[in-house]
Amino acid sequence: MSKSHDPWQDAMDHAVAVARKSGEMIREVVQNQDQSSLVQTKSSAVDLVTETDQKVERLIIQSVKSKFPSHRFIGEESVSSGEPCILTSDPTWIIDPIDGTTNFVHRYPFVGVCIGFAVNQQVEWGVVYSAIEDKMFTARRGRGAFCNGRPLQVSTQTDVHRSMVATEFGSDRDPQVVDKIFSSLHKVLSLPVHGVRGAGSAALNMCAVARGSVELYYETGVHVWDIAAASVIVTEAGGVLRDTTGGALDLMSRRIVAANNETIATRIIAELEVYSSERDDRAPDCEPE
Ligand SMILES: O=P(O)(O)O[C@H]1[C@H](O)[C@H](O)[C@H](O)[C@@H](O)[C@@H]1O
Ligand SMILES: [Mg+2]
């Protein structure tokens, strides 16, 4: 069969297939064994990783390498093992094998297999598979956003007092960071807004914005692999992306606001405490002199 004239579509079709296969692996583990025995920790005692995260990421990367050998990767567990987290202009797969690992360990049914694809440092398409819900969120830049093939459209709400907001408590338990998280949460809740929710997955919070059930999601401390795939799903559903400072989103900054429109984004951003975590693309720690 001749190669399609649209190589990025071939890659996206592969991503959907391998995300679905990854979801089957995840469901198998959830249904058949106690994940709590498989848990390790990373940046903190509550930043969890399991052998399923690692197996899923290996499955995705090995399958891509065989079809697209020249492509590059940024994978959560590969970076955790020391791979560089640098986005070049080359075609790059940005992978979070299980977004919502803590949910996975606790059998809380919101886990997303996230595969984003960037060319010239711009996300071309994104796939987020909510494995327990069996919802495949997809978007291709300029061609719309979908959930299981049905078009997605953000909420039309412009009144912040009638909005639902999503955020997360993250995995940093530094008391000063916890204070900033609760300071922002207090200001947002007191506007008031209708409610605050958190799926336990950055990507699924962003998909909730894209499908119109949440007006805005914000968080500081996320990583590029948490948000890259869902970023194009939000924008193709008509939403906007910002930094918590109000500036343009920087995928490596570890800060994000995803909203249904500029009105809601501006109003909530005015309430947020701005702080920073180390950038994802920071230079590796220099050896001591
Ligand atoms: O489950 P992860 O892939 O580690 O990503 C989550 C992160 O650990 C932290 O819980 C953030 O608050 C979440 O938004 C993110 O999805
Ligand atoms: Mg994640």
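Since this is a predicted model, take the numbers as computed values, not measurements.

Enquirer: In this structure, what is going on with the domain arrangement of the chain? I would like to understand it.
Expert: How large an interface is tends to be reported as the accessible area lost when its parts come together. Domain assignment breaks the chain into domain 1 (3-151) and domain 2 (160-269). Its C-alpha centre places domain 1 at a distance of 20 Å from the equivalent point of domain 2. Across the boundary between the two partners, domain 1 contributes 38 residues, which contact 23 residues of domain 2. Surface buried jointly by domain 1 and domain 2 totals about 2,200 Å² across both partners, of which 72% is contributed by carbon and sulfur atoms. Inspection of the region where domain 1 meets domain 2 yields zero salt bridges. Our enumeration of links across domain 1 and domain 2 arrives at nine residue pairs in polar contact (both at pLDDT 80 or more). Put simply, the parts of the chain that give the side of domain 1 that touches domain 2 at least two residues each are strand 3 (72-75), helix 3 (76-80), strand 4 (92-99), strand 5 (112-119), strand 6 (122-130) and strand 7 (135-140). With seven residues, strand 6 is the single largest residue contributor to the side of domain 1 that touches domain 2. Here the residues of the side of domain 1 that touches domain 2 sort into 19 nonpolar, eleven polar and eight charged.

What counts, and at which threshold
- Residues numbered from 1 in each chain as written.
- Chains lettered and ligands numbered in written order.
- Predicted model: local features only at pLDDT ≥ 70, side-chain atom pairs only at ≥ 80, totals over all residues.
- Heavy atoms only, no water.
- Domains from an automatic or database assignment.
- Contact = heavy atoms within 4.5 Å.
- Buried area = accessible area lost by both parts, 1.4 Å probe.
- Salt bridge = Lys/Arg side-chain N within 4 Å of Asp/Glu carboxyl O.
- Polar contact = N/O pair within 3.5 Å; in protein donor to acceptor, adjacent residues only side chain to side chain.
- Helix = DSSP H or I, 4+ residues; strand = E, 2+ residues; numbered from the N terminus.
- Nonpolar A, V, L, I, M, F, W, Y, C, P; charged D, E, K, R; others polar.

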